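Residues per chain, in single letters:
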Amino acid sequence: MPRCRNGDEIMTKLPFAVTRPAYVERVGLKSRDAETLAQYYENIVGLREMARRGSSIILGAGGRELLEIEQSSALKPEDPRSAGLFHTAFLLPERADLARWIRRAIDKQLPVAGASDHAVSEAVYLTDPDGNGIEIYTDREPDTWKWNGDQVHMVTDAMDVNGLLQELNNAPSEWTKAPEGTVVGHVHLRVGQIQPADDWWHDELAFDTVAKYGSKAVFLSSGGYHHHIANNIWQSAGAGKRDLDRSGLSFVQINDTRDVKTRVIDDPWGNEIRVNKI
């Protein structure tokens, strides 16, 4: 079985991202029209409705809850310049799964915001009807990632779409839904300042800084993943605490196997982080 850079065996049943000591389990959104938003994540992302709890719709894949959408008609629209959610990144288990999704997107002429090769992963970007960012991606094998000490090499290059679609030569089945093994691989948050965000994730959750894009973005993870959490100021430099009466991010749930307590904490900008001891 292949191994990652710290010698751990790479799991085959679940993506490497969720085998780390701490990882993202699910994300909560608030919406003025939860029904329409849920339909988008079903039709476009391929999630399936799993349950309804009060005013919330729970979506997931393969029996795993990934997204909770809470209905609240009184919400104001999200302000992309404020603190909050930049994107939720849904990690598919196989490269062929991403190729199937892209083939369907081409055939159906689905609106895509971008497609990138990050060296550690390949990703497609979307925006949902409420303005929340989405990434659909697949990882390259962790033992192929390049590290300079404790810093991982990531880039933003154009995706080789034609090369990716070659995966379908040996796996020609069509995309029907997000496959079993789909997880929330990482979450990007909008914050007002980078260094306080970096410090907060170190101090509160003991995440490691694995990459920085100058003073604009910081990437953090647990257990040698390329990133479970990113904080950026690309749209939100100088933002203060978020307005909780707006649509958008409700919470990010982190599952943590370490010596921690289950708790709910807010980052310095009011982004709610639910820590679940498992």
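Conventions and cut-offs
- Residues numbered from 1 in each chain as written.
- Predicted model: local features only at pLDDT ≥ 70, side-chain atom pairs only at ≥ 80, totals over all residues.
- Heavy atoms only, no water.
- Pairing = 2+ DSSP bridges.
- Helix = DSSP H or I, 4+ residues; strand = E, 2+ residues; numbered from the N terminus.
- Axes fitted to C-alpha atoms, helices over the stretch in contact; angles between N-to-C directions.
- Contact = heavy atoms within 4.5 Å.
- Salt bridge = Lys/Arg side-chain N within 4 Å of Asp/Glu carboxyl O.
- Buried < 20%, exposed > 50% of the residue type's maximum accessible area, 1.4 Å probe, protein only.
- Core = buried A, V, L, I, M, F, W, Y, C linked by side-chain atoms within 4.5 Å.
- Polar contact = N/O pair within 3.5 Å; in protein donor to acceptor, adjacent residues only side chain to side chain.
- Expected span 1.5 Å × (residues − 1).
- pLDDT = per-residue confidence, 0-100.

Colleague: Looking at this structure, how should I read the sheet that holds strand β3 (residues 56-61)?
Modeller: Where strands meet in a sheet, backbone hydrogen bonds hold them as pairs that are either parallel or antiparallel. The seven strands lie next to each other as β2-β3-β4-β1-β16-β18-β17, forming an open sheet whose pairing is mixed. Looking at strand neighbours, the two that pair on one side only are β2 (48-53) and β17 (263-266), the edges of this open sheet. Here the strands of the sheet are splayed against their neighbours by 25° on average, with no regard to which way each runs. Packing against the sheet, helix α1 (residues 34-45) makes contact with β1 (22-31), β2, β3 and β4 (64-71), and its axis sits at approximately 155° to β4. Relative to the sheet, helix α4 (residues 194-205) contacts β16 (248-256), β17 and β18 (272-277), its axis offset from that of β17 by approximately 160°.

Colleague: Explain the sheet that holds strand β15 (residues 229-232) to me, please; I cannot follow it from the model alone.
Modeller: Across the sheet, nine strands lie side by side as β11-β6-β7-β8-β5-β12-β15-β14-β13; this open sheet has mixed pairing. Either end of the sheet is taken by a strand with one partner, and the two such strands are β11 (157-158) and β13 (208-213). Examined bridge by bridge, strand β5 (residues 84-91) and strand β12 (residues 183-190) share seven bridges and lie antiparallel to one another. Within β12, the residue paired with Gly 84 across the bridge is Arg 190. Packing of α1 onto the sheet brings it into contact with β5, β7 (121-127) and β8 (133-139), and relative to β8 it is tilted by some 30°. On the sheet, α4 packs against β12, β13, β14 (217-221) and β15 and is oriented at approximately 10° with respect to β14.

Colleague: Would you take a moment to explain the pattern of salt bridges for this structure?
Modeller: Applying the stated criterion across every chain, the model contains 20 salt bridges. Linking Arg 95 and Glu 167 is a salt bridge whose minimum nitrogen-to-oxygen distance equals 2.9 Å. Of this pair, Arg 95 sits in helix α2 (residues 95-108) while Glu 167 is found in the loop between α3 (161-165) and β12, placing the two residues 72 residues apart along the sequence. Judged by its relative accessible area of 27%, Arg 95 is partly exposed. Owing to a relative accessible area of 29%, Glu 167 belongs among the partly exposed residues under this scheme. The closest approach of N and O atoms between Asp 107 and Arg 103, which form a salt bridge, is 3.2 Å. Separated by four residues within a single helix, Asp 107 and Arg 103 lie in helix α2, roughly one turn from each other. The network of salt bridges with shared partners includes Arg 95, Asp 117, Glu 122, Arg 140 and Glu 167.

Colleague: Whenever I open this one, the nonpolar core confuses me. Can you help?
Modeller: If you look at soluble globular proteins, the nonpolar side chains tend to sit buried side by side. Formed by 59 residues in total, the largest nonpolar core has its most connected members in Tyr 41, Leu 47, Trp 101, Val 187, Trp 201, Ile 254 and Ile 273. Take this core: its biggest share by element is seven residues, from α1. With near-sequence residues (within four places) excluded, Leu 47 lies in contact with Tyr 41, Glu 42, Leu 59, Gly 60, Ala 61, Leu 66, Leu 67, Phe 90 and Ala 178. Residues Phe 16, Ala 17, Trp 147 and Ala 230 belong to the second largest nonpolar core, which totals 21 residues.

Colleague: Honestly, the side chain of Ser 247 in this entry has me stumped. Any pointers?
Modeller: Summarising the element assignment, Ser 247 is placed in the loop between β15 and β16. Within the structure, the side chain of Ser 247 is placed 3.1 Å from the backbone nitrogen of Glu 78, a separation counted as a polar contact. Here Ser 247 is in contact with Lys 30, Ser 31, Leu 75, Lys 76, Pro 77, Glu 78, Asp 130 and Arg 242, once residues within four sequence places are set aside.

Colleague: Teacher, can you tell me more about the pairing of β15 here?
Modeller: The two faces of the sheet receive side chains in turn, since in a regular strand these alternate between them. Side chains Ile 229 and Asn 231 of β15 all project onto a buried face; the interleaved residues Ala 230 and Asn 232 project onto the opposite face, where all are buried too. Alignment of β12 against β15, held across four bridges, turns out to be parallel. Across the sheet, residue Arg 190 finds its bridge partner in β15, namely Asn 232. Sheet topology note: the β14/β15 ladder contains four bridges and is antiparallel. The residue bridging Val 218 from the neighbouring strand is Asn 231, located in β15.

Colleague: Any chance you could explain α2 here in plain terms?
Modeller: Turn by turn, an α-helix covers 3.6 residues, leaving residues three or four places apart pointing in a common direction. When the terminal C-alpha atoms of α2 are compared, their 20 Å separation across 14 residues agrees well with the 20 Å that a helix rising 1.5 Å per residue should span. Looking at the packing, one finds that the buried side of α2 touches α1, β7, β8 and α3.

Colleague: Can you walk me through the environment of Trp 201 in this structure?
Modeller: Structurally, Trp 201 can be placed in helix α4. Once the C-alpha coordinates of Trp 201 and Arg 258 are considered, the two residues, 57 residues apart in sequence, prove to be 15 Å apart.

Colleague: So what exactly am I meant to see when it comes to the confidence of the model for the chain here?
Modeller: For any part of a model where pLDDT is low, the fine detail of the predicted coordinates should not be relied upon. Within the chain, residue pLDDT values average 95, and 96% of them lie at 70 or more. Predicted confidence is poor over residues 1-12, with pLDDT under 50, and the contacts of this stretch with residues over four places away or in other chains come to 24 contacts.

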